[in-house]
Amino acid sequence: AALGIQLFLTSMLCLNSASRLGGLIVRMAYHLGLHRCPTRYPFFTADEAALRRRVFWCMYCLERLLCQSLGLPLDIQDDDIDVCYPGEERHVTNNQRESEDQHLKMLKYLAKQARIRCLIVELRNKCLHSRQDTADRATAVQAELVKWSNEIQDVVEEAESDSDSGGNEDSNGTVAISPTHRLLLSLLKYESVLCLNRPMMASSPDSLAYQVAVQACISAARSICISIKKHQGTARHQPELS
């Protein structure tokens, strides 16, 4: 219930209120043990484990969004959690395999992007005395962003080919990602590029880092405008699927 209220506050751009409520939610999640992968414990049923995993990753995504938007320290550290992504369970024993719920593919990509938000915040927004904003760390974050971008690019291209054929399932019969979700993934990719490079624009305008950051931000901003314009044009010419 608290998570639902936080989501509503975030959608209304009441970010300060959502963040204050988020502090309570995170502490409650720790007390409930949601930061531990439920598959590790045999007393959780499959439905209970799936519910705990979904709740945690929804909370995680909102927490990352609010911390980055408000410039706040992170409430959840990645090295304190071991919950697996939906469909990528690593703690299955006795040669059991988790059947991936295709409706949770979007949550998996959002959770991975939220982790990249964490890396960017830790790289750019830490205290000056503790910040390790080195070229190697920046390259490592850039590599993680490119890896995630390549992963969603494959999904977006597959979904686009499926939508062109008039279906809402891919070639394997699984649920395809909707056009709105494809747009969201693309916008999150460009937003991550902006967040990674924007702090470098505070350096000297004559520096190479400033010039690279400016061009990267311009390219990402242009791509956002083009993606939205293309989506709006496509939506006007296609009927809404039931």
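Look up: the structure comes first, before these words.
About the cut-offs
- Residues numbered from 1 in each chain as written.
- Predicted model: local features only at pLDDT ≥ 70, side-chain atom pairs only at ≥ 80, totals over all residues.
- Heavy atoms only, no water.
- Axes fitted to C-alpha atoms, helices over the stretch in contact; angles between N-to-C directions.
- Helix = DSSP H or I, 4+ residues; strand = E, 2+ residues; numbered from the N terminus.
- Left-handed = near helix turned anticlockwise from the far one by under 90°.
- Contact = heavy atoms within 4.5 Å.
- Nonpolar A, V, L, I, M, F, W, Y, C, P; charged D, E, K, R; others polar.
- Salt bridge = Lys/Arg side-chain N within 4 Å of Asp/Glu carboxyl O.
- Buried < 20%, exposed > 50% of the residue type's maximum accessible area, 1.4 Å probe, protein only.

### With respect to the packing of helix α3 (residues 46–70) against helix α4 (residues 105–124)
Between two packed helices, both the angle of their axes relative to each other and the distance between the axes serve to describe the pair. Interhelical geometry of α3 versus α4 gives an angle of 35° and a closest axis separation of 9 Å. Between α3 and α4 lies a crossing of left-handed hand. Here Arg54, Trp57, Cys58, Tyr60, Cys61, Arg64, Leu65 and Gln68 of α3 lie close against α4, whose contacting residues are Leu107, Leu110, Ala111, Ala114, Arg115, Arg117, Cys118, Ile120 and Val121. Looking at the contact of α3 with α4 residue by residue, the class counts come to 12 nonpolar, 1 polar and 4 charged.

### What to know about the pattern of salt bridges
Across all of its chains, the model carries 9 salt bridges by this definition. Linking Arg115 and Glu144 is a salt bridge whose minimum nitrogen-to-oxygen distance equals 3.3 Å. A residue pair is termed long-range when its members are at least 10 positions apart, and Arg115 in helix α4 and Glu144 in helix α5 (residues 135–164) qualify at 29 residues. By relative accessible area, Glu144 is classed as partly exposed at 28%. A salt bridge links Arg117 to Glu191; the nearest nitrogen and oxygen atoms lie 2.9 Å apart. Of this pair, Arg117 sits in helix α4 while Glu191 sits in helix α6 (residues 179–197), placing them 74 residues apart in sequence. Assessed through its relative accessible area of 25%, Glu191 is described here as partly exposed. Overlapping salt bridges bring together Glu88, Lys108, Lys112 and Glu151 as one network.

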